[in-house]
Amino acid sequence: MTTFTEPEERQELRRQVARLASRYGRDWFAEKARTGEKTTELWLEIAKAGYLGINVPEEYGGGGGGIADVAAVCEELAAQGCPLLMMVVSPAICGTVIARYGTEEQKQRWLPGICDGTATMAFAITEPDAGTNSHNITTTARRDGDEWVLKGQKIYISGVDEAAHVLVVARAEDARTGKLKPCLFVVPTDAVGFEHTAIAMEIVSPEKQFQVFMDDVRLPGDALVGDEDGGLVQLFAGLNPERIMAASFATGLGRHALDRATAYAKERTVWRAPIGSHQAIAHPLAQAHIEVELARLMTQKAAALCDAGDDMGAGEAANMAKYAAGEACVHAVDAAVQTHGGNGITQEYGVAGLIVASRTTRIAPVSREMILNFVAMHSLGLPKSY
C-alpha cells in the first residue's frame, strides 16, 4: 500500500523542531533582526539537538539522514517564524558537496563544525556581472606551486559574518585545453586578501547579505574540494539541495503567514461575526493553503529523488518545487496582510515584515523566470530561449 504521508520518524522530527522553535518565535526573531543581533542561541540549540547536520553522515557528527530530513527542519523553523537562511547554505549546500566529493581529511576537518554549529560555512557563487548566468563567472583560481591563488568578487553572499569559511565557486585553467572550468574552494573568512562589505537590504532578517572581494587570496592545495576536473557535476550536487531547501524555507514562511492570518480572522469581528466567516477573507486564505500544500508535496518528491541519487529527476522536481513554493509563499503573505487590513502593515501584528522575505523566495537562489526556462527546455523539449 502506498501512502502520501512522510515516515513517522520525519513527522516526529517536525514536531520536535516545531516545539523547539516555538519557544523563540517570530517576535523574538524580528527583534534580533531590528536590533542587529544574531540568532546564535537558536542555531546552537538546533545543533545540540542534532537537527542542524541531520543530513550529514554519522561518522562526521551528523544524523545520517537525507535532504528530506534537513528540509523538514528548515520548513518547521520557518513555520514558527524563524526562517534560518544559513540552514540552506551551511548543512545543505556545503555539507552535501563536502560529504560527497571531499577527501577523508576534508570531511573530518569541516563537517563536524557544520553539524555542531561552531564552524558555519557560507557559499559564494553569484557575481555582480554574471547574475543568473553562472557560465560568466570571472573569479579565477590559478596554481602557484603547491598553492592556489583566488581573485575576483561575489555578491549577495549570505552570512559571511557568521561563517568561519566560505565554499567559493571559481574557475581554474584546464591544463589540457586552456579553457576555464568551475572548481570549488574552501576559503577561510579571515584569509589575507579576503574582504566583505554588508549590503543594505530591506528584508527583516538577522542574517545579512554581503559583497565579497578576493584579492590574490592564497590557499593551500587541499582547499580544492573534489576533483579539479569534476566540473559542473560537483557544483550541481549542491544546487539541487539548495532549491529543495529554498522551497522548504518558502512553504514554512507561507504556513507561518497563514497561521497568523487565520488566527486573526477567527477573532476579529467587524460586522457582527468574525471576518473569517466572509468569503472575501476565507477564500484567499483557503486558496493560499492549497497552493502551499501542493508545493510541499512537490518539495517532498524532489527530496526523495535527491536522496535516492536520481540527480536528473531531482533537478526537474527541485526546480518545480522551488517555483511552486515561491508563488505559494507570496500569495500566502499577501492574503495574510490583506486579512489584517490596516493592522497588516504595522510591526505589532508581525506580517508586514514577511512581504520582502516572501518576494525573495521568487528571486533566490534561482529566479522564477530561469525555472520556467528550465522546465520549457528540459521537461517540454522546447528550443532554448537564451
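Residues numbered from 1 in each chain as written. Predicted model: local features only at pLDDT ≥ 70, side-chain atom pairs only at ≥ 80, totals over all residues. Heavy atoms only, no water.

### Some points on the overall build of the chain
Of the regular secondary structure elements, the chain holds 11 helices and eight strands. Whereas a compact globule of 386 residues would reach a radius of gyration of roughly 21 Å, the chain reaches 21 Å, a difference of no more than 12%. Across its three principal axes, the chain shows a C-alpha extent of roughly 80 × 50 × 40 Å. A burial count over the chain gives 51% of its 386 residues as buried. By sequence separation, contacts in the chain at least 24 residues apart represent 71% of the contacts at least 6 residues apart. (Helix = DSSP H or I, 4+ residues; strand = E, 2+ residues; numbered from the N terminus. Rg over C-alpha atoms; globule rule 2.2 N^0.38 Å. Buried < 20%, exposed > 50% of the residue type's maximum accessible area, 1.4 Å probe, protein only. Contact = heavy atoms within 4.5 Å.)

### A look at the nonpolar core
What tends to happen in soluble globular proteins is that the nonpolar side chains get buried as a cluster. If you look at the biggest cluster of nonpolar residues, it comprises 109 residues, and the most contacted ones within it are Met-87, Phe-123, Leu-150 and Phe-185. Top element by residues in this core is helix H7 (residues 232-267). It accounts for 13 residues. Aside from chain neighbours lying at most four places away, what touches Phe-123 is Val-89, Ile-93, Cys-94, Ile-157, Val-166, Leu-167, Val-169, Leu-184, Leu-235, Leu-239 and Glu-242. (Core = buried A, V, L, I, M, F, W, Y, C linked by side-chain atoms within 4.5 Å.)

### Points about the packing of aromatic side chains
All chains considered together, the criterion is met by three aromatic pairs. Above the plane of the ring of Trp-110 lies Arg-109, whose end atom (NZ or CZ) is 4.7 Å from the centre. (Phe/Tyr/Trp six-rings, centres within 6.5 Å; stacked < 30°, edge-to-face > 60°. Lys NZ or Arg CZ within 6 Å of the ring centre and 35° of its normal.)

### Concerning the pattern of salt bridges
If you walk through the whole model with that rule in mind, you get 30 salt bridges. Across the salt bridge formed by Arg-255 and Glu-76, the nearest N and O atoms sit 2.9 Å from each other. Taken together, the residues span a long stretch of sequence, with Arg-255 in helix H7 and Glu-76 in helix H4 (residues 67-79) at a distance of 179 residues. Given a relative accessible area of 4%, Glu-76 falls into the buried group. A salt bridge links Glu-242 to Arg-243, with the nearest nitrogen and oxygen atoms 3.3 Å apart. Overall, Glu-242 belongs to the buried group, its relative accessible area being 10%. Since its relative accessible area comes to 13%, Arg-243 is described here as buried. (Salt bridge = Lys/Arg side-chain N within 4 Å of Asp/Glu carboxyl O.)

### Quick word on helix H8 (residues 279-307)
In a regular helix each residue adds 1.5 Å, so 29 residues correspond to 42 Å; H8 covers 41 Å between its end C-alpha atoms and thus fits that length. By the burial criterion, the buried members of H8 are Ile-281, Leu-285, Ala-288, Val-292, Ala-295, Arg-296, Thr-299, Ala-302, Ala-303 and Cys-306. Those residues of H8 hidden inside the fold are in contact with helix H1 (8-22), H4, H7 and helix H9 (311-340). Of the residues one or two after H8, Gly-309 is the one with positive phi, at around 85°. (Expected span 1.5 Å × (residues − 1).)

### Observations concerning unusual backbone geometry
Following Ala-364, the chain continues into Pro-365 via a peptide bond in cis, with omega recorded as 0°. A positive phi is found at Asp-216, a non-glycine position, where the angle reads about 50°. Along the chain, Asp-216 turns up in strand E7 (residues 209-220). Phi at Arg-272 takes a positive value of approximately 70°, unusual for a residue other than glycine. Following the sequence through the fold, Arg-272 ends up in the loop between H7 and H8.

### What about empty space enclosed by the protein?
This model, assessed by the stated rule, comprises two cavities of 30 Å³ or more. Considering only enclosed or pocket space, the largest cavity measures out at about 60 Å³ in volume. Contributing to the lining of the largest cavity are Glu-6, Arg-10, Arg-14, Ala-68, Ala-71, Ala-72, Glu-75, Ser-248, Thr-299, Gln-300 and Ala-303. Listing elements by their share of the lining of the largest cavity, those giving two or more residues are H1, H4 and H8. A per-class count over the lining of the largest cavity returns four nonpolar, three polar and four charged. Estimates place the volume of the second largest cavity at around 30 Å³. It is strand E5 (residues 180-188) that contributes the most residues to the lining of the second largest cavity, three residues altogether. A class-by-class count of the residues in the lining of the second largest cavity yields four nonpolar, two polar and no charged. (1 Å grid on protein atoms, 1.4 Å probe; cavity = no way out; pocket = protein on both sides within 12 Å on 5 of 7 lines; lining within 4 Å. Points joined across faces, edges and corners; volume = space filled by probe spheres on them. Nonpolar A, V, L, I, M, F, W, Y, C, P; charged D, E, K, R; others polar.)

### Quick word on the environment of Glu-75
Mapped onto the fold, Glu-75 is located in helix H4. Look at Glu-75 and you get buried, because its relative accessible area is 3%. Placed 177 residues apart in sequence, Glu-75 and Gly-252 show a C-alpha to C-alpha distance of 4.4 Å. Apart from the residues within four sequence positions on either side, Glu-75 is in contact with Arg-14, Ser-248, Thr-251, Gly-252, Arg-255 and Arg-296. A polar contact is formed between the side chain of Glu-75 and the side chain of Arg-14, at a distance of 3.0 Å. (Polar contact = N/O pair within 3.5 Å; in protein donor to acceptor, adjacent residues only side chain to side chain.)

### Thoughts on the packing of H4 against helix H5 (residues 85-101)
Between H4 and H5, the shortest axis-to-axis distance is 10 Å and the interhelical angle comes to 175°. Classified by the angle their axes make, H4 and H5 are roughly antiparallel. Contacts from Ile-67, Val-70, Val-73, Cys-74 and Leu-77 of H4 reach H5 at Met-87, Val-88, Pro-91, Ala-92 and Thr-96. The residue makeup of the contact of H4 with H5, split by class, is nine nonpolar, one polar and no charged. (Axes fitted to C-alpha atoms, helices over the stretch in contact; angles between N-to-C directions. Parallel < 35°, antiparallel > 145°, perpendicular 65-115°, else oblique.)

### Re the environment of Leu-85
Of note, Leu-85 is situated in helix H5. A relative accessible area of 25% places Leu-85 in the partly exposed class. Taking the C-alpha atoms as reference points, Leu-85 and Glu-207, separated by 122 residues in sequence, lie 7.1 Å from one another. The contact partners of Leu-85, leaving out residues within four places of it in the chain, are Ser-158, Glu-207, Gln-209 and Phe-249.

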